[in-house]
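Fold and contact review
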Amino acid sequence: MISRLAAFLRAADAALDAWDLYSDEHTDLDGWPYDPDAYDDRKAERDQAVWAALDPVREEADVLLEAAEADLDRIAIPSVQTRWMWQLAQLRGALNWIEAAHEGYQEFRTAQPQANKDALQAAADFRNAEAWHALDTWMVHGRAVLEIHTATVRAAVGPRIAATPPPPDPSATAGHTTRR
């Protein structure tokens, strides 16, 4: 699950980087798009890309959050970041919003089994737009889950042992010479 979350974060970063580049090139200095329809279409593509990136994580996200919350108890207090609990709460709230948007989309599909491709795409676009702020929350705070996992692994491994032994104490070798 951790690797899927990391993959989501990489894909979301790529989608946002592409969006920023597009937005910079297709808006005026005040941020108004030159072609509002094309801009909205591209925004819908961005939203779809981020939704598709989160989808493999979405179904297991609740388990992922529960594991992160449990992992906080295994990390030494000095290693725990105070923001982590808040971030996990933000992620949980965002997950609830994402699930509500997905349920609305599923209800539409169930109620409209004969819907054409355009209607289904419009419903998906609406779901993605409704979930955008929650998806953004996962993009911003999802890294906290990775940080908690890393801290838990480090706590389980314990202190690192140096790869080479330290040099001998100078007083222990005093008076000894080495041959050349």
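Look above for the structure.
A short tour of the structure in this document, coming up. Fair warning: this is a prediction, and the values are worked out from it, not measured in the lab.

1. Notes on the nonpolar core
Counting 34 residues, the largest nonpolar core has Leu 5, Phe 8, Leu 88, Ile 98, Leu 135, Trp 138 and Val 145 as its most contacted members. Going through the elements one at a time, helix H1 (2-25), helix H2 (36-58), helix H3 (61-72), helix H4 (83-111) and helix H6 (132-157) are the ones with two or more residues in this core. No other element matches the nine residues that H6 contributes to this core. Residue contacts for Val 145: discarding those within four places in its chain leaves Ile 2, Leu 5, Leu 64, Leu 65, Ala 68, Leu 88 and Leu 91.

2. Let's talk about the packing of aromatic side chains
Throughout the structure, instances matching the rule amount to three aromatic pairs. Considering the side-chain rings of Tyr 22 and Tyr 39, the 6.2 Å spacing of their centres and the 35° angle between planes classify their relative orientation as tilted. In this pair, Tyr 22 sits in helix H1 while Tyr 39 sits in helix H2, placing the two residues 17 residues apart along the sequence. Pair check on accessibility: Tyr 22 and Tyr 39 agree, each one buried. One aromatic cluster in this structure is built from Trp 19, Tyr 22 and Tyr 39. Taking the ring centre of Tyr 105 as reference, the NZ or CZ of Arg 127 above it sits at 4.4 Å.

What counts, and at which threshold
- Every chain is numbered independently, its residues counted from 1 as its sequence is written.
- With pLDDT at 70 or above as the cut-off, local features in this predicted model cover only qualifying residues; side-chain atom pairs require 80 or more to be listed or tallied, and sums for whole chains, interfaces and linings still use all residues.
- With hydrogens and water excluded, all non-hydrogen atoms of the structure serve as input to the side-chain values.
- Buried Ala, Val, Leu, Ile, Met, Phe, Trp, Tyr and Cys residues form a nonpolar core when they are joined through side-chain atoms within 4.5 Å.
- Throughout this description, buried means an accessible area under 20% of the type-specific maximum (1.4 Å probe, protein chains only), exposed means over 50%, and partly exposed covers the range between.
- Segments assigned H or I by DSSP are reported as helices when at least four residues long, segments assigned E as strands when at least two residues long, and all are numbered from the N terminus.
- In what follows, a contact means two residues having at least one pair of non-hydrogen atoms within 4.5 Å.
- In this analysis, rings of Phe, Tyr and Trp, with Trp reduced to its six-membered ring, are considered paired at centre separations within 6.5 Å, and the interplanar angle assigns stacked below 30 degrees, edge-to-face beyond 60, and tilted for intermediate values.
- Geometrically, a charge over a ring is one whose NZ (Lys) or CZ (Arg) sits within 6 Å of the ring centre while staying within 35 degrees of the ring normal.

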